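The lines below spell out each chain.
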Amino acid sequence: SRVAAFRLWSASVNDSREVRLIALAKSVEDSDVLADILLELSVRAPKAVVSESVGPLLVSKTKSEKETVRAAAIESLGRLRIADGAAALPTLLQDRAARVRRAAAVAAGQLEVSSEIATLLNLARADEVAVRQASLDALRQLREPRVVPLAVAGLADATTQLSALRCLVEFGGPEHGSAVAEVA
């Protein structure tokens, strides 16, 4: 498959060939292959290149028709701490695809976008467990104390438990000790 071929190729890319990776990302149609390339860029792109060419490329791909590309673009913007990614968050946090909402929640925390706290508080109640977990983590990163009741509720789910505990370590008090003890 094309994704497997790209992964083999990218494993051999060294620092001197990163510019070729960026050129490849600009030339590939919106697809799962492009999503992998965008994620690889977030690991490999040198800081100087990020500001010049990767940032605008990633921002443009947050509007892709392909959910895998939108998710990879916002995830990469967050990883690289590219502040221009914040403008895409209001739309992506409301995306129809859960993977995009999860990636956007992660990016909101990484980019420290406090203007999205109300949306993240709502997403921490989402049906999709990955969205809830990412929202709890983002709210903790944003130092939002209103996360506490959501974190207590998150203790009941094994998937969100660690994120919930991290929130309670930072914002909880002795009154939450019994809830923590129940899951221990």
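Being a predicted model, the structure only gives us computed values, none of them experimental.

A. Inspection of the overall build of the protein at higher detail. Each helix and strand counted, the protein has 12 helices and zero strands in total. Burial status across the protein gives 51% buried among its 184 residues. In the protein, of all internal contacts separated by at least 6 residues, the share reaching a separation of at least 24 is 62%. Surface accessibility of the protein: about 9100 Å² in total, with carbon and sulfur atoms responsible for 53%.

B. Spatial organisation of unusual backbone geometry. The phi dihedral of R81 falls on the positive side, at around 60°, and the residue is not glycine. Structurally, the position occupied by R81 is in the loop between α5 (67-79) and α6 (89-92). Positive phi is not limited to glycine here, since R143 has a value of about 60°. Checked against the element boundaries, R143 lands in the loop between α9 (129-141) and α10 (148-154). Overall, the relative accessible area of 51% leaves R143 in the exposed class.

C. Structural context of the environment of V19. With respect to the helices, strands and loops of the structure, V19 is situated in helix α2 (residues 18-27). Sequence separation between V19 and L41 is 22 residues; the distance between their C-alpha atoms is 9.9 Å.

D. Up close: the packing of α9 against helix α11 (residues 161-171). Relative orientation of the contacting elements α9 and α11 amounts to 20°, with a least axis distance of 9 Å. Looking at the two axes, α9 sits roughly parallel to α11. The element α9 and its partner α11 pack so that their crossing is left-handed. In this structure, α9 uses Q133, L136, D137 and R140 to contact α11, whose residues at the interface are S163, A164, R166, C167, E170 and F171.

Calculation criteria
Residues numbered from 1 in each chain as written. Predicted model: local features only at pLDDT ≥ 70, side-chain atom pairs only at ≥ 80, totals over all residues. Heavy atoms only, no water. Helix = DSSP H or I, 4+ residues; strand = E, 2+ residues; numbered from the N terminus. Buried < 20%, exposed > 50% of the residue type's maximum accessible area, 1.4 Å probe, protein only. Contact = heavy atoms within 4.5 Å. Areas by Shrake-Rupley, 256 points an atom, 1.4 Å probe, with all protein chains shown as cover. Axes fitted to C-alpha atoms, helices over the stretch in contact; angles between N-to-C directions. Parallel < 35°, antiparallel > 145°, perpendicular 65-115°, else oblique. Left-handed = near helix turned anticlockwise from the far one by under 90°.

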